[in-house]
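# Per-entry structural report
The chain contents come next:
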Amino acid sequence: MKFLGKNIRFGKSLSERDQEVIWHPLTQHKTAASLKAIKKAKGVWLEDEDGNRYIDGIASWYTSMYGHCNPKIRKAVSKQMEKLDQIVFSGFTHEPAVELAEKLLEILPHNQAKLFFNDNGSTATEVGMKMALQYHHNKGNKRNVMMALEEGFHGDTFGAMSVSGLSVYNGAFEEHFIEVIRLPKPVGYNNEEVLKLLKAWIEEYDIAGFIYEPLVQGAAAMKTYSKAGLEDILKLCKLNDIICIADEVMTGFGKTGKNFASQYLQVSPDVLCLSKALSAGMVPMGITSCTQKIYDAFYDDDVSKGLFHGHTYTGNPLACAAALASIKLLQSDEIQQQIKDIISWHQSFATQLKQHPKVAEVRQIGVILAVDLAVKMERYGNLRNELYQFFMDRGVFLRPLGNTIYILAPYVIQKEEMQQIYDAILACLEEVIH
Ligand SMILES: *Cc1c(COP(=O)(O)O)cnc(C)c1O
(Lines give C-alpha, C1' and ligand atoms only; values in the text may rest on other atoms or scores of the structure.)
Protein backbone atom coordinates (compact mmCIF):
# COMPACT_ATOMS: atom_id res chain seq x y z
CA MET A 1 0.00 0.00 0.00
CA LYS A 2 2.75 2.35 0.94
CA PHE A 3 4.50 1.75 -2.34
CA LEU A 4 1.24 2.30 -4.22
CA GLY A 5 0.70 5.57 -2.35
CA LYS A 6 4.05 6.82 -3.55
CA ASN A 7 3.26 5.72 -7.10
CA ILE A 8 0.00 7.61 -7.08
CA ARG A 9 1.84 10.75 -6.08
CA PHE A 10 4.33 10.30 -8.87
CA GLY A 11 3.52 12.46 -11.87
CA LYS A 12 1.44 15.03 -10.00
CA SER A 13 2.60 18.58 -9.73
CA LEU A 14 3.29 20.12 -6.34
CA SER A 15 0.22 22.32 -6.79
CA GLU A 16 -1.98 19.26 -7.29
CA ARG A 17 -0.53 17.47 -4.29
CA ASP A 18 -0.94 20.66 -2.26
CA GLN A 19 -4.63 20.87 -3.07
CA GLU A 20 -5.20 17.44 -1.59
CA VAL A 21 -3.61 18.08 1.77
CA ILE A 22 -3.13 21.77 2.61
CA TRP A 23 -5.41 24.52 3.89
CA HIS A 24 -3.81 27.89 3.06
CA PRO A 25 -4.04 31.16 4.99
CA LEU A 26 -6.42 33.91 3.82
CA THR A 27 -7.73 31.65 1.08
CA GLN A 28 -11.24 30.59 0.04
CA HIS A 29 -10.26 27.32 -1.57
CA LYS A 30 -13.53 26.92 -3.47
CA THR A 31 -12.93 29.98 -5.63
CA ALA A 32 -9.15 30.37 -5.42
CA ALA A 33 -6.95 29.49 -8.36
CA SER A 34 -4.53 26.63 -7.74
CA LEU A 35 -1.38 27.78 -6.04
CA LYS A 36 1.96 28.14 -7.68
CA ALA A 37 4.81 26.17 -6.12
CA ILE A 38 8.01 28.13 -5.56
CA LYS A 39 11.07 25.93 -5.71
CA LYS A 40 13.78 28.37 -4.81
CA ALA A 41 14.56 32.00 -4.19
CA LYS A 42 17.72 34.06 -4.35
CA GLY A 43 18.10 37.79 -3.82
CA VAL A 44 15.00 39.44 -5.30
CA TRP A 45 14.17 36.45 -7.51
CA LEU A 46 11.63 33.67 -6.95
CA GLU A 47 11.59 30.58 -9.17
CA ASP A 48 8.58 28.31 -9.60
CA GLU A 49 8.48 24.57 -10.32
CA ASP A 50 8.35 25.20 -14.08
CA GLY A 51 11.46 27.37 -13.95
CA ASN A 52 9.65 30.72 -14.37
CA ARG A 53 11.23 33.60 -12.48
CA TYR A 54 9.54 36.49 -10.68
CA ILE A 55 10.86 39.57 -8.92
CA ASP A 56 9.60 39.54 -5.31
CA GLY A 57 8.15 43.08 -5.38
CA ILE A 58 6.85 42.91 -1.81
CA ALA A 59 9.82 41.09 -0.23
CA SER A 60 7.49 38.23 0.76
CA TRP A 61 5.32 40.44 2.96
CA TYR A 62 8.16 42.79 3.80
CA THR A 63 10.31 40.15 5.48
CA SER A 64 13.13 39.33 3.05
CA MET A 65 14.49 42.87 2.86
CA TYR A 66 18.12 41.79 2.40
CA GLY A 67 17.22 39.37 -0.39
CA HIS A 68 16.18 35.72 -0.17
CA CYS A 69 18.71 33.25 1.19
CA ASN A 70 21.11 36.08 1.94
CA PRO A 71 24.55 34.44 2.33
CA LYS A 72 25.54 36.54 5.38
CA ILE A 73 22.37 35.70 7.27
CA ARG A 74 22.57 32.07 6.19
CA LYS A 75 26.11 31.86 7.48
CA ALA A 76 25.19 33.38 10.85
CA VAL A 77 22.25 30.99 11.30
CA SER A 78 24.23 27.94 10.26
CA LYS A 79 27.06 28.87 12.63
CA GLN A 80 24.55 29.22 15.45
CA MET A 81 23.00 25.89 14.45
CA GLU A 82 26.22 24.12 15.33
CA LYS A 83 26.28 25.58 18.84
CA LEU A 84 22.77 25.93 20.26
CA ASP A 85 19.51 25.36 18.42
CA GLN A 86 16.73 25.79 20.97
CA ILE A 87 16.45 26.31 24.71
CA VAL A 88 13.59 27.04 27.12
CA PHE A 89 13.73 30.83 27.50
CA SER A 90 11.93 30.78 30.82
CA GLY A 91 14.71 29.99 33.27
CA PHE A 92 17.60 30.12 30.77
CA THR A 93 19.22 32.78 28.64
CA HIS A 94 21.84 32.67 25.86
CA GLU A 95 24.34 34.86 24.05
CA PRO A 96 22.46 35.54 20.78
CA ALA A 97 19.41 36.77 22.73
CA VAL A 98 21.42 39.06 25.00
CA GLU A 99 23.43 40.40 22.08
CA LEU A 100 20.32 40.99 20.02
CA ALA A 101 18.61 42.83 22.87
CA GLU A 102 21.67 45.04 23.39
CA LYS A 103 21.91 45.74 19.67
CA LEU A 104 18.22 46.55 19.29
CA LEU A 105 18.31 48.97 22.21
CA GLU A 106 21.08 50.84 20.38
CA ILE A 107 18.87 51.44 17.34
CA LEU A 108 15.35 51.66 18.85
CA PRO A 109 13.92 54.97 20.15
CA HIS A 110 16.04 55.72 23.22
CA ASN A 111 13.27 55.45 25.78
CA GLN A 112 12.97 51.70 25.13
CA ALA A 113 14.55 49.63 27.92
CA LYS A 114 13.42 45.98 27.94
CA LEU A 115 12.69 43.42 25.24
CA PHE A 116 10.12 40.63 25.35
CA PHE A 117 10.61 37.88 22.74
CA ASN A 118 7.95 35.95 20.84
CA ASP A 119 7.62 34.45 17.40
CA ASN A 120 5.38 36.46 15.07
CA GLY A 121 3.81 39.86 14.52
CA SER A 122 0.37 39.06 15.92
CA THR A 123 1.80 37.89 19.23
CA ALA A 124 4.14 40.90 19.29
CA THR A 125 1.09 43.19 19.27
CA GLU A 126 -0.87 40.83 21.53
CA VAL A 127 1.89 41.14 24.14
CA GLY A 128 1.96 44.91 23.64
CA MET A 129 -1.73 45.05 24.51
CA LYS A 130 -1.29 42.72 27.47
CA MET A 131 1.46 45.02 28.73
CA ALA A 132 -0.91 48.00 28.53
CA LEU A 133 -3.87 46.24 30.15
CA GLN A 134 -1.84 44.61 32.92
CA TYR A 135 0.15 47.78 33.55
CA HIS A 136 -3.08 49.43 34.66
CA HIS A 137 -4.33 46.28 36.40
CA ASN A 138 -1.13 46.06 38.45
CA LYS A 139 -1.46 49.71 39.40
CA GLY A 140 -5.03 49.17 40.54
CA ASN A 141 -6.46 51.37 37.76
CA LYS A 142 -9.75 50.32 36.25
CA ARG A 143 -8.87 50.57 32.58
CA ASN A 144 -10.01 47.94 30.12
CA VAL A 145 -10.61 49.70 26.80
CA MET A 146 -8.11 49.66 23.94
CA MET A 147 -8.02 52.45 21.40
CA ALA A 148 -6.96 51.91 17.79
CA LEU A 149 -7.03 53.79 14.50
CA GLU A 150 -9.59 53.19 11.79
CA GLU A 151 -8.33 50.79 9.10
CA GLY A 152 -5.42 49.64 11.26
CA PHE A 153 -4.11 46.10 11.05
CA HIS A 154 -2.38 44.36 13.95
CA GLY A 155 -2.67 40.63 13.27
CA ASP A 156 -4.96 37.62 13.46
CA THR A 157 -5.01 36.44 17.08
CA PHE A 158 -8.03 37.51 19.17
CA GLY A 159 -6.59 40.64 20.76
CA ALA A 160 -4.89 41.67 17.52
CA MET A 161 -8.07 41.00 15.54
CA SER A 162 -10.09 43.05 18.01
CA VAL A 163 -8.02 46.18 17.47
CA SER A 164 -7.74 45.70 13.70
CA GLY A 165 -10.13 47.91 11.81
CA LEU A 166 -10.35 45.92 8.59
CA SER A 167 -12.92 43.54 9.98
CA VAL A 168 -14.73 42.22 6.90
CA TYR A 169 -13.51 38.70 7.62
CA ASN A 170 -13.99 38.75 11.39
CA GLY A 171 -17.76 38.19 11.56
CA ALA A 172 -17.59 34.84 13.33
CA PHE A 173 -15.48 36.18 16.17
CA GLU A 174 -16.68 39.70 16.87
CA GLU A 175 -18.72 38.75 19.93
CA HIS A 176 -15.54 37.57 21.60
CA PHE A 177 -13.48 40.69 20.97
CA ILE A 178 -11.93 42.86 23.68
CA GLU A 179 -13.48 46.32 24.02
CA VAL A 180 -12.08 48.69 21.42
CA ILE A 181 -12.82 52.25 20.39
CA ARG A 182 -11.66 53.30 16.98
CA LEU A 183 -10.34 56.78 16.39
CA PRO A 184 -10.61 58.31 12.89
CA LYS A 185 -7.23 58.81 11.27
CA PRO A 186 -5.88 62.35 11.41
CA VAL A 187 -5.20 63.31 7.79
CA GLY A 188 -4.58 67.04 8.12
CA TYR A 189 -7.86 68.90 7.69
CA ASN A 190 -9.55 66.84 10.46
CA ASN A 191 -6.68 66.88 13.01
CA GLU A 192 -8.49 69.28 15.37
CA GLU A 193 -11.69 67.26 15.20
CA VAL A 194 -9.90 64.00 15.99
CA LEU A 195 -8.22 65.61 18.97
CA LYS A 196 -11.54 66.95 20.23
CA LEU A 197 -13.08 63.49 19.95
CA LEU A 198 -10.15 61.97 21.82
CA LYS A 199 -10.57 64.50 24.65
CA ALA A 200 -14.24 63.51 24.96
CA TRP A 201 -13.39 59.81 24.88
CA ILE A 202 -10.79 60.18 27.62
CA GLU A 203 -13.63 61.48 29.85
CA GLU A 204 -16.04 58.81 28.70
CA TYR A 205 -13.96 55.61 28.50
CA ASP A 206 -11.36 53.89 30.68
CA ILE A 207 -8.68 53.73 27.99
CA ALA A 208 -5.71 51.49 28.85
CA GLY A 209 -3.72 51.77 25.65
CA PHE A 210 -3.56 53.12 22.12
CA ILE A 211 -2.20 50.91 19.34
CA TYR A 212 -1.23 52.39 15.96
CA GLU A 213 0.90 51.79 12.90
CA PRO A 214 3.07 54.92 12.87
CA LEU A 215 2.75 57.10 9.72
CA VAL A 216 1.67 54.35 7.33
CA GLN A 217 -0.95 51.58 7.57
CA GLY A 218 0.30 48.57 5.63
CA ALA A 219 -2.68 46.25 5.23
CA ALA A 220 -4.96 49.23 4.59
CA ALA A 221 -3.04 49.55 1.29
CA MET A 222 -0.11 51.63 2.49
CA LYS A 223 -2.27 54.54 3.64
CA THR A 224 -0.30 57.42 5.03
CA TYR A 225 -1.72 59.96 7.50
CA SER A 226 -0.83 63.13 9.35
CA LYS A 227 2.38 63.05 11.36
CA ALA A 228 1.39 66.19 13.27
CA GLY A 229 -2.02 64.69 13.97
CA LEU A 230 -0.48 61.50 15.35
CA GLU A 231 1.91 63.51 17.48
CA ASP A 232 -0.99 65.42 19.05
CA ILE A 233 -2.79 62.15 19.82
CA LEU A 234 0.33 60.65 21.39
CA LYS A 235 0.94 63.74 23.53
CA LEU A 236 -2.59 63.65 24.87
CA CYS A 237 -2.37 59.89 25.52
CA LYS A 238 0.89 60.33 27.43
CA LEU A 239 -0.63 63.08 29.58
CA ASN A 240 -3.40 60.66 30.54
CA ASP A 241 -1.21 57.58 31.10
CA ILE A 242 -2.69 55.82 28.07
CA ILE A 243 0.01 53.36 26.98
CA CYS A 244 1.13 54.15 23.41
CA ILE A 245 1.88 50.99 21.42
CA ALA A 246 3.62 51.51 18.09
CA ASP A 247 3.05 48.52 15.81
CA GLU A 248 6.21 48.63 13.67
CA VAL A 249 5.84 45.06 12.43
CA MET A 250 5.63 46.43 8.87
CA THR A 251 7.42 49.79 9.17
CA GLY A 252 10.41 48.60 11.21
CA PHE A 253 14.01 48.23 10.02
CA GLY A 254 14.40 50.98 7.46
CA LYS A 255 11.24 50.79 5.33
CA THR A 256 10.29 54.42 5.93
CA GLY A 257 13.86 55.64 5.43
CA LYS A 258 14.66 55.73 9.17
CA ASN A 259 15.26 52.56 11.20
CA PHE A 260 11.80 52.93 12.76
CA ALA A 261 8.87 55.12 11.72
CA SER A 262 8.54 56.25 15.37
CA GLN A 263 11.85 58.06 14.91
CA TYR A 264 10.10 60.65 12.72
CA LEU A 265 7.98 61.64 15.74
CA GLN A 266 8.86 63.78 18.75
CA VAL A 267 6.87 61.52 21.05
CA SER A 268 8.31 58.02 21.47
CA PRO A 269 5.98 55.09 22.17
CA ASP A 270 5.83 53.25 25.52
CA VAL A 271 5.75 49.92 23.71
CA LEU A 272 7.01 48.95 20.25
CA CYS A 273 6.15 45.77 18.29
CA LEU A 274 8.55 44.14 15.85
CA SER A 275 8.56 41.16 13.50
CA LYS A 276 8.74 40.57 9.72
CA ALA A 277 12.09 42.13 8.62
CA LEU A 278 13.41 41.64 12.18
CA SER A 279 14.68 38.19 11.22
CA ALA A 280 14.73 38.88 7.46
CA GLY A 281 12.41 36.09 6.38
CA MET A 282 14.93 33.44 7.46
CA VAL A 283 13.40 32.27 10.77
CA PRO A 284 10.14 33.51 12.36
CA MET A 285 10.50 35.98 15.22
CA GLY A 286 8.67 38.74 17.03
CA ILE A 287 9.74 41.16 19.74
CA THR A 288 7.85 43.62 21.93
CA SER A 289 10.00 46.32 23.51
CA CYS A 290 8.93 48.63 26.33
CA THR A 291 10.11 51.44 28.56
CA GLN A 292 11.39 51.03 32.10
CA LYS A 293 8.09 52.48 33.37
CA ILE A 294 6.13 49.57 31.91
CA TYR A 295 8.62 46.98 33.11
CA ASP A 296 8.62 48.43 36.63
CA ALA A 297 4.84 48.05 36.91
CA PHE A 298 5.33 44.27 36.62
CA TYR A 299 8.40 44.08 38.89
CA ASP A 300 7.10 42.98 42.28
CA ASP A 301 7.42 40.48 45.12
CA ASP A 302 3.95 39.38 44.11
CA VAL A 303 4.46 36.70 41.43
CA SER A 304 1.06 37.34 39.86
CA LYS A 305 2.13 40.83 38.84
CA GLY A 306 4.55 39.31 36.31
CA LEU A 307 3.72 38.92 32.62
CA PHE A 308 2.61 35.31 32.27
CA HIS A 309 2.90 34.95 28.56
CA GLY A 310 5.37 32.74 26.72
CA HIS A 311 5.59 30.79 23.50
CA THR A 312 7.63 27.62 23.20
CA TYR A 313 9.92 29.06 20.51
CA THR A 314 10.42 32.34 22.37
CA GLY A 315 13.94 33.68 21.97
CA ASN A 316 14.95 30.87 19.62
CA PRO A 317 18.74 31.16 19.20
CA LEU A 318 18.63 30.67 15.41
CA ALA A 319 16.09 33.48 15.04
CA CYS A 320 18.26 35.69 17.26
CA ALA A 321 21.29 34.92 15.08
CA ALA A 322 19.29 35.77 11.94
CA ALA A 323 18.10 39.04 13.49
CA LEU A 324 21.61 40.04 14.59
CA ALA A 325 23.01 39.40 11.11
CA SER A 326 20.09 41.37 9.60
CA ILE A 327 20.68 44.43 11.77
CA LYS A 328 24.36 44.35 10.85
CA LEU A 329 23.34 44.39 7.19
CA LEU A 330 20.81 47.18 7.77
CA GLN A 331 23.59 49.29 9.26
CA SER A 332 26.03 48.58 6.43
CA ASP A 333 26.94 51.39 4.01
CA GLU A 334 25.81 49.21 1.15
CA ILE A 335 22.22 48.78 2.39
CA GLN A 336 21.97 52.39 3.56
CA GLN A 337 23.04 53.50 0.07
CA GLN A 338 20.51 51.13 -1.51
CA ILE A 339 17.74 52.62 0.66
CA LYS A 340 18.71 56.12 -0.53
CA ASP A 341 18.81 54.97 -4.15
CA ILE A 342 15.41 53.24 -3.98
CA ILE A 343 13.88 56.36 -2.43
CA SER A 344 15.17 58.51 -5.28
CA TRP A 345 14.04 56.02 -7.98
CA HIS A 346 10.59 55.93 -6.36
CA GLN A 347 10.45 59.73 -6.23
CA SER A 348 11.06 60.06 -9.97
CA PHE A 349 8.60 57.29 -10.78
CA ALA A 350 6.00 58.87 -8.47
CA THR A 351 6.36 62.18 -10.32
CA GLN A 352 5.80 60.38 -13.61
CA LEU A 353 2.76 58.50 -12.26
CA LYS A 354 1.12 61.59 -10.80
CA GLN A 355 0.65 62.97 -14.32
CA HIS A 356 -0.99 59.79 -15.55
CA PRO A 357 -4.75 60.12 -16.17
CA LYS A 358 -5.44 56.61 -14.86
CA VAL A 359 -3.74 57.26 -11.51
CA ALA A 360 -5.85 58.67 -8.68
CA GLU A 361 -3.15 59.00 -6.02
CA VAL A 362 0.49 58.15 -5.40
CA ARG A 363 1.94 57.75 -1.91
CA GLN A 364 5.60 57.34 -1.14
CA ILE A 365 7.34 57.00 2.17
CA GLY A 366 10.86 55.58 2.25
CA VAL A 367 11.11 52.49 0.08
CA ILE A 368 7.31 52.05 0.07
CA LEU A 369 5.50 53.20 -3.05
CA ALA A 370 1.71 52.90 -3.43
CA VAL A 371 -0.37 53.76 -6.50
CA ASP A 372 -4.17 54.11 -6.37
CA LEU A 373 -5.71 53.41 -9.78
CA ALA A 374 -8.50 55.65 -11.00
CA VAL A 375 -11.19 52.98 -11.37
CA LYS A 376 -14.78 52.79 -10.25
CA MET A 377 -15.63 50.75 -7.13
CA GLU A 378 -17.62 48.28 -9.27
CA ARG A 379 -14.38 47.12 -10.82
CA TYR A 380 -12.60 46.33 -7.54
CA GLY A 381 -13.99 42.79 -7.31
CA ASN A 382 -12.06 41.24 -10.18
CA LEU A 383 -9.40 43.87 -10.52
CA ARG A 384 -7.12 42.44 -7.87
CA ASN A 385 -6.89 39.02 -9.50
CA GLU A 386 -6.54 40.51 -12.96
CA LEU A 387 -3.70 42.74 -11.86
CA TYR A 388 -2.02 39.96 -9.93
CA GLN A 389 -2.00 37.72 -13.00
CA PHE A 390 -0.95 40.57 -15.29
CA PHE A 391 2.14 41.20 -13.14
CA MET A 392 2.99 37.52 -12.72
CA ASP A 393 2.88 37.12 -16.51
CA ARG A 394 5.50 39.87 -16.66
CA GLY A 395 7.73 38.22 -14.06
CA VAL A 396 6.75 40.48 -11.19
CA PHE A 397 5.17 39.34 -7.92
CA LEU A 398 2.98 42.06 -6.39
CA ARG A 399 -0.16 41.74 -4.25
CA PRO A 400 -2.54 44.56 -5.21
CA LEU A 401 -5.09 45.57 -2.53
CA GLY A 402 -8.42 46.90 -3.84
CA ASN A 403 -7.42 49.54 -6.38
CA THR A 404 -3.94 49.95 -4.89
CA ILE A 405 -0.70 48.56 -6.26
CA TYR A 406 2.26 48.86 -3.91
CA ILE A 407 5.96 48.09 -4.11
CA LEU A 408 8.05 47.14 -1.09
CA ALA A 409 10.94 45.32 -2.70
CA PRO A 410 14.05 43.96 -0.99
CA TYR A 411 16.72 46.61 -0.32
CA VAL A 412 19.15 44.66 -2.51
CA ILE A 413 17.11 45.23 -5.69
CA GLN A 414 19.07 46.59 -8.66
CA LYS A 415 17.92 49.53 -10.76
CA GLU A 416 17.04 47.40 -13.84
CA GLU A 417 15.00 45.06 -11.66
CA MET A 418 13.08 47.96 -10.15
CA GLN A 419 12.59 49.30 -13.69
CA GLN A 420 11.00 45.96 -14.63
CA ILE A 421 8.44 46.52 -11.83
CA TYR A 422 7.85 50.13 -12.93
CA ASP A 423 7.41 49.04 -16.56
CA ALA A 424 4.89 46.39 -15.54
CA ILE A 425 2.90 49.02 -13.64
CA LEU A 426 2.97 51.42 -16.61
CA ALA A 427 1.88 48.58 -18.90
CA CYS A 428 -1.02 47.70 -16.60
CA LEU A 429 -2.23 51.30 -16.74
CA GLU A 430 -2.46 50.98 -20.51
CA GLU A 431 -3.69 47.42 -20.83
CA VAL A 432 -5.76 46.62 -17.75
CA ILE A 433 -7.32 49.92 -16.71
CA HIS A 434 -9.96 51.28 -19.09
C1 LIG B 1 1.91 41.59 9.36
C2 LIG B 1 1.52 42.50 10.44
C3 LIG B 1 1.10 42.01 11.69
C4 LIG B 1 0.93 40.54 11.97
O5 LIG B 1 2.11 39.83 11.88
P6 LIG B 1 2.06 38.25 11.64
O7 LIG B 1 3.48 37.81 11.76
O8 LIG B 1 1.49 38.04 10.28
O9 LIG B 1 1.20 37.66 12.70
C10 LIG B 1 0.81 42.93 12.67
N11 LIG B 1 0.93 44.25 12.45
C12 LIG B 1 1.32 44.76 11.27
C13 LIG B 1 1.44 46.23 11.10
C14 LIG B 1 1.62 43.90 10.21
O15 LIG B 1 2.00 44.40 9.03
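Within an unreviewed UniProt entry, the label attached to the chain reads Adenosylmethionine-8-amino-7-oxononanoate aminotransferase, and the organism entered is Psychroflexus planctonicus. Here the chain is described in UniProt, under the heading Cofactor (unreviewed entry), as follows: "pyridoxal 5'-phosphate". Taken from UniProt, the Subunit (unreviewed entry) comment for the chain reads in full: "Homodimer."

Interhelical geometry of helix 5 (residues 95–107) versus helix 11 (residues 317–330) gives an angle of 35° and a closest axis separation of 9 Å. In this structure, the crossing between helix 5 and helix 11 has a hand that is left-handed. On helix 11, the residues touching Pro-96, Ala-97, Glu-99, Leu-100, Lys-103, Leu-104 and Ile-107 of helix 5 are Pro-317, Cys-320, Ala-321, Ala-323, Leu-324 and Ile-327. For the contact of helix 5 with helix 11, the per-class residue count stands at eleven nonpolar, no polar and two charged.

Next up on the list: the UniProt feature "binding site: substrate" (unreviewed entry) in the chain. As annotated in UniProt, the feature "binding site: substrate" (unreviewed entry) corresponds to Trp-61, Lys-276, Gly-310 and Arg-399 in the numbering used here. Spanning 339 residues, the named residues do not form one spatial group; their C-alpha atoms are separated by as much as 32.7 Å. Residues from the annotated list that form part of the lining of the second largest pocket: Gly-310. Relative to the helices and strands, Lys-276 resides in the loop between strand 11 (271–274) and strand 12 (286–291). Not counting residues within four places of it along the chain, the set of residues in contact with Lys-276 comprises Trp-61, Tyr-62, Thr-63, Val-249, Gly-281 and Met-285. Examined against the element boundaries, Gly-310 turns out to sit in the loop between helix 10 (292–298) and helix 11. Relative accessible area serves as the criterion here: at 61%, Gly-310 is assigned to the exposed category.

The rules behind these values
- Residues numbered from 1 in each chain as written.
- Predicted model: local features only at pLDDT ≥ 70, side-chain atom pairs only at ≥ 80, totals over all residues.
- Heavy atoms only, no water.
- UniProt positions renumbered as here; feature names shortened; annotations may be inferred.
- Axes fitted to C-alpha atoms, helices over the stretch in contact; angles between N-to-C directions.
- Helix = DSSP H or I, 4+ residues; strand = E, 2+ residues; numbered from the N terminus.
- Left-handed = near helix turned anticlockwise from the far one by under 90°.
- Contact = heavy atoms within 4.5 Å.
- Nonpolar A, V, L, I, M, F, W, Y, C, P; charged D, E, K, R; others polar.
- 1 Å grid on protein atoms, 1.4 Å probe; cavity = no way out; pocket = protein on both sides within 12 Å on 5 of 7 lines; lining within 4 Å.
- Buried < 20%, exposed > 50% of the residue type's maximum accessible area, 1.4 Å probe, protein only.

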